[in-house]
Amino acid sequence: MGRIQQLSNSVVNKIAAGEVIERPASVVKELIENSIDSGALRVEVDIGAGGSEYIRVTDDGGGIHADDILLAVTTHATSKIRTADDLFQISTLGFRGEALASIAEVSQLKIRSRIPDSDVGSELVVNLGERGDVVPCGCAAGTCIEIRQLFANTPVRRKFLKSDATEFGHISEQFTRIALARSHVHMVLRHNDKIVYELPATDRLIDRLEMFYGTAISEQLISIDHQLGEMRLWGYVGHPAVNKATRKWQHLFLNGRWFQDRSIQHALSEAYRGLIMVQRHPICFLFLELNPADVDVNVHPTKVEVRFQDPQSIYRLMLSSLRNRFLGMDLDSKLKVPA
Ligand code: ADP
Ligand code: MG
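Note that this is a predicted model, so its numbers are computed, not measured.

What counts and how
- Residues numbered from 1 in each chain as written.
- Chains lettered and ligands numbered in written order.
- Predicted model: local features only at pLDDT ≥ 70, side-chain atom pairs only at ≥ 80, totals over all residues.
- Helix = DSSP H or I, 4+ residues; strand = E, 2+ residues; numbered from the N terminus.
- Rg over C-alpha atoms; globule rule 2.2 N^0.38 Å.
- Buried ≥ 20, exposed ≤ 12 C-beta atoms within 10 Å, placed from the backbone.
- Contact = placed C-beta atoms within 7 Å.
- Axes fitted to C-alpha atoms, helices over the stretch in contact; angles between N-to-C directions.
- Parallel < 35°, antiparallel > 145°, perpendicular 65-115°, else oblique.
- Left-handed = near helix turned anticlockwise from the far one by under 90°.
- Nonpolar A, V, L, I, M, F, W, Y, C, P; charged D, E, K, R; others polar.
- Domains from an automatic or database assignment.
- Pairing = 2+ DSSP bridges.
- Near = placed C-beta within 6 Å.
- Core = buried A, V, L, I, M, F, W, Y, C linked by C-beta atoms within 7 Å.

## A short note on the overall build of the chain
(1) Moving on: Looking only at helices and strands, the chain features ten helices and 18 strands.
(2) Moving on: Computed over the C-alpha atoms, the radius of gyration of the chain is 21 Å, within 12% of the 20 Å expected from 2.2 N^0.38 for a compact globule of 339 residues.
(3) Moving on: With respect to the principal axes defined by its C-alpha atoms, the chain has extents near 65 × 50 × 45 Å.
(4) Moving on: Buried residues in the chain amount to 36% of all 339 residues.
(5) Moving on: Within the chain, residue pairs in contact and separated by at least 24 positions form 67% of the contacts whose partners lie at least 6 positions apart.

Below you can see the structure in the form of structure tokens.
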């Protein structure tokens, strides 16, 4: 072994990309989250060949100031937090300031963006980490980011990509998770120029659930809304008759962000104990709202796992809200049970 050397930015970004950008769906997630954080009310996602040809996300959000475009693709540069204290009060989906820098290191990334106050937009292309010049361009207010040649310089990652259909399946899943949590945003997903989802904005979660899953499912949902101190749990759980072989239909959101938590999954199973067969899983679309100071979302690079300050109280909230709701219901006849 030789002497110690500081790694170059390019190597650091590639390492970060390895953690955050696993496959095309990870890029899609990061780009849509940025659009949502920018206040967009319309987000269009265009995918070519499962993302291996192109990924394009267009929004009508606040845009990026021309002087900030280079910073947008610079690692640890973000407009979302300023101080360490902000880490405990996070209200945006992003905050690490490394997604675009990571993506730009392993693809060709093109940004076109215009803030509403400006007449001209600006454009920047970064080719496998090599930045071009920022040039003025005409574009709609908002931001359009296009990714091509994903993993062109990381052949191992590229080799591990599955078929277009499988990669698109993962993309669709990421799209769904965000679309469920942001029903007030008009969202469109296209694959190879064909519309897969076109979801008009609505202020009712149930409308969006119906768009995704149809009335066969939406008519079998039981509403939940329970407040305990500063914590609130709301959304829908499925009638016990609607149960699945996997947990794929269990969607949990913490302060508007999709997440996974074994303890909460366990509470969910407990709530349905005796109502559905073992090895089967209920469906749910549940939103947990907590004081951001009571949870650490900065424990996982892609933020799918979080750490609660008081996990037991979350467990109890989950179990008691569902149990109490079921107690007041005649689960045999209340809902139409599908054949
Ligand atoms: P983060 O989201 O953690 O801040 P990113 O690398 O994803 O880091 O983005 C860097 C910065 O670029 C953001 O903080 C934001 O200011 C800007 N940005 C990225 N995408 C958009 C977008 N679609 N609209 C407006 N600003 C954006
Ligand atoms: Mg981001």
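## Here we look at the packing of helix α9 (residues 262-271) against helix α10 (residues 311-327)
(1) Moving on: Axis separation between α9 and α10 bottoms out at 9 Å; the angle between their running directions is 25 degrees. Here α10 runs roughly parallel to α9, going by the angle between their axes. At the point where α9 passes α10, the crossing takes the right-handed sense. Contacts between α9 and α10 involve S263, I264, A267, L268, E270 and A271 on the former and, on the latter, P311, I314, Y315, M318, L319, L322 and R323.
(2) Moving on: Classifying every residue of the contact of α9 with α10 gives ten nonpolar, one polar and two charged.

## A look at the domain arrangement of the chain
(1) Moving on: By the assigned domains, the chain splits into domain 1 (9-199) and domain 2 (218-327).
(2) Moving on: When each unit is reduced to the centre of its C-alpha atoms, the spacing between domain 1 and domain 2 is 29 Å.
(3) Moving on: On the side of domain 2, twelve residues touch domain 1, which itself brings twelve residues to the contact.
(4) Moving on: Taken together, the elements giving at least two residues each to the side of domain 1 that touches domain 2 come down to α1 (9-20) and α6 (164-181).
(5) Moving on: Residues belonging to the side of domain 1 that touches domain 2 are distributed by class as follows: seven nonpolar, three polar and two charged.

## Quick word on unusual backbone geometry
The general pattern is negative phi for most residues beyond glycine and trans for most peptide bonds.
(1) Moving on: Even without glycine at this site, A49 takes up a positive phi of about 50 degrees.
(2) Moving on: A49 sits in the partly exposed class, given 14 other C-beta atoms within 10 Å.
(3) Moving on: Although it is not a glycine, Q279 sits at a positive phi angle of roughly 75 degrees.
(4) Moving on: By the element assignment, Q279 lies in the loop between α9 and β15 (281-282).
(5) Moving on: With 7 C-beta atoms counted inside 10 Å, the residue Q279 sits in the exposed group.

## Some details on the sheet that holds strand β13 (residues 250-254)
Pairing between the strands of a sheet comes from backbone hydrogen bonds, and it takes one of two forms, parallel or antiparallel.
(1) Moving on: The strand order β10-β11-β16-β13-β14 describes an open sheet built from five strands, whose pairing is mixed. Pairing within the sheet leaves two strands with one partner each, and these edge strands are β10 (221-228) and β14 (257-259). Neighbour-to-neighbour, the strand axes of the sheet open up by a mean angle of 20 degrees, direction not taken into account.
(2) Moving on: Alignment of β13 against strand β16 (residues 284-289), held across five bridges, turns out to be parallel. Bridge pairing in β16 places H251 opposite F285.
(3) Moving on: Across the sheet, α6 touches β13, β14 and β16, and the angle it forms with β13 is around 55 degrees.

## Here we look at the site of ligand 1
(1) Moving on: Among the 22 residues in the neighbourhood of ligand 1, the closest are listed as N34, S38, T78, S79 and G94.
(2) Moving on: Only α2 (24-37) and α4 (99-105) provide two or more residues apiece to the shell around ligand 1.
(3) Moving on: Per-class residue counts for the shell around ligand 1 are six nonpolar, eleven polar and five charged.

## As for the nonpolar core
(1) Moving on: Among the nonpolar cores identified, the biggest contains 74 residues, and V28, I32 and I103 are the most heavily contacted of them.
(2) Moving on: It is α6 that provides the largest number of residues to this core, a total of seven residues.
(3) Moving on: Taken together, domain 1 (9-199) and domain 2 (218-327) each give at least three residues to this core, which thus spans both.

## Re the environment of R148
(1) Moving on: Tracing the backbone through its elements, the reader meets R148 in strand β7 (residues 142-148).
(2) Moving on: For the pair R148 and S107, spaced 41 residues apart in sequence, the C-alpha separation works out to 6.0 Å.
(3) Moving on: Beyond its immediate sequence surroundings of up to four residues, R148 is in contact with Y54, S107 and Q108.

## Brief notes about the pairing of β7
(1) Moving on: Where burial is concerned, most of β7 is hidden: five out of the seven residues are buried.
(2) Moving on: For strand β2 (residues 54-59) and β7, the ladder comprises six bridges, and the chain directions are antiparallel. Paired with Y54 across the bridge in β7 is R148.
(3) Moving on: With seven bridges connecting them, strand β3 (residues 108-114) and β7 associate as antiparallel partners. Its bridge partner being in β7, Q108 is matched across the sheet by R148.

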